[in-house]
Amino acid sequence: MSERSAVWLQYLLPKQALTAFAGFVASRERGWVTTAIIRRFVAKYQVNMAEAANPDIASYRSFNAFFTRALKPGARPLASADLICPVDGAISQFGAIERDQIFQAKGHRYSTTALVGGDAALAARFDNGSFATLYLSPRDYHRIHMPCDGRLVRMIHVPGDLFSVNPTTARGVPGLFARNERVVCVFESALGPFVLVLVGATIVGSMATVWHGVVNPPRPGQLRQWDYPAGDQPAPELRQGDEMGRFLLGSTVVMLFPKRFGPGPVAFNPAWAPGRAIQLGEAMASCGA
């Protein structure tokens, strides 16, 4: 099937229904059936269970429990860097935000305002800043961690489509990451504000954060927002490398940083390139003058 045909097929598929069904199946505890599904998944995607905190496939009571499995302590040492990579996966794109435009793929850009759910004032804080878009494939570890220390100030659940977020779809669907359902997490830090966006996709049953739990479902079809004012007891402060959220099935993380983050602009790791495999904890960027 050609890339164009694969993309057009997604416009026709009942993506919401498929995702709801997948979420239902993944949460069921079905004994040997669940174990058989997990074994097949591990074999198909060559999942490295040796680095899991619990490598025993038969011990996972649901597919979701397997998919959000923890890693062994020390499996992902943290680099000494201003910003570390928050996930395992592959680099989709990264670089400069041109005024308010983020590069998605050849011929496709989208705005920071659209990405964060229409809040132009929030988006303006990242004009001419930097972004990174990181893709998590089915075989990857699916917890998301903090790139630096940060205090949560707001979380926004933005309803949307549920297109696949694989590289083929990124090349074929305009504004993909600002079109799909997503959870926008806004942080303040000693270096400045930054945003982590968890982007949903076809078959992604839900997204969760450590401070809120499962954000979706429910899917009420309208924007929802939670504010965490400074000084409020529930407002979480997370350290670099701490878990901040997880996907129940694979998807994408988009990060936004302002033009000046700390003493200077974000300077990405010179070894980074689109398509390169990445691991949680490796050096992502420095913020020198």
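Trainee: I keep staring at the environment of A273 and nothing clicks. Help me out?
Mentor: Topologically, A273 is positioned in the loop between β16 (267-268) and β17 (277-278). Distance in space between the C-alpha atoms of A273 and S92 is 8.5 Å, their sequence separation being 181 residues. Apart from the residues within four sequence positions on either side, A273 is in contact with I91 and F94.

Trainee: What's the story with the confidence of the model for the protein chain in this structure? I'm lost.
Mentor: One rule of thumb: low pLDDT means the predicted coordinates there are not for detailed reading. On average, residues of the protein chain score 86 in pLDDT, and 81% of them reach the 70 mark or higher. Mean pLDDT across the secondary structure elements of the protein chain bottoms out at helix α2 (residues 15-27), with 53, and peaks at strand β1 (residues 83-84), with 98.

Trainee: What's the story with the packing of aromatic side chains in this structure? I'm lost.
Mentor: Inspection of the entire model under this criterion finds 15 aromatic pairs. Aromatic pair F41 and F63: ring centres 5.2 Å apart, planes at 80 degrees, arrangement edge-to-face. With F41 in helix α3 (residues 32-45) and F63 in helix α4 (residues 63-67), this pair connects stretches of sequence that are 22 residues apart. One exposure class covers both F41 and F63, and it is buried. Taken together, a centroid distance of 6.0 Å and an interplanar angle of 75 degrees make the contact between F41 and F67 edge-to-face.

Trainee: Even after reading the chapter, I still don't get the nonpolar core, so can you show me in this structure?
Mentor: The nonpolar side chains of a soluble globular protein tend to be buried with one another. Within the largest apolar cluster, 36 residues are counted, with the highest numbers of intra-cluster contacts made by L83, F187, W211 and M244. Mapped by element, the contributors of at least two residues to this core are β5 (130-135), β7 (150-158), β8 (182-189), β9 (192-199), β14 (243-248), β15 (252-257) and β18 (283-286). In contact with F187, other than residues within four places in its own chain, are M146, G150, R151, L152, V153, G192, P193, F194, W211, L238 and M244. If you look at the next biggest cluster of nonpolar residues, it comprises 23 residues, including I156, V184, V186 and V197.

Trainee: How should I be thinking about the pairing of β7 in this particular structure?
Mentor: Along any regular strand, the residues point their side chains to alternate faces of the sheet. With 9 of its 9 residues buried, β7 lies for the most part within the structure. Relative to strand β13 (residues 237-238), β7 is paired through 2 bridges, and the arrangement is antiparallel. By the bridge assignment for β13, G150 is matched with L238. Bridge analysis of β7 against β8 gives 7 bridges, and the strand direction is antiparallel. Bridged to L152 within β8 is F187. Pairing of β7 with strand β12 (residues 224-227) involves 4 bridges; the strand directions are antiparallel. Of the residues in β12, the one forming a bridge with H157 is R224.

Conventions we followed
Residues numbered from 1 in each chain as written. Predicted model: local features only at pLDDT ≥ 70, side-chain atom pairs only at ≥ 80, totals over all residues. Heavy atoms only, no water. Helix = DSSP H or I, 4+ residues; strand = E, 2+ residues; numbered from the N terminus. Contact = heavy atoms within 4.5 Å. pLDDT = per-residue confidence, 0-100. Phe/Tyr/Trp six-rings, centres within 6.5 Å; stacked < 30°, edge-to-face > 60°. Buried < 20%, exposed > 50% of the residue type's maximum accessible area, 1.4 Å probe, protein only. Core = buried A, V, L, I, M, F, W, Y, C linked by side-chain atoms within 4.5 Å. Pairing = 2+ DSSP bridges.

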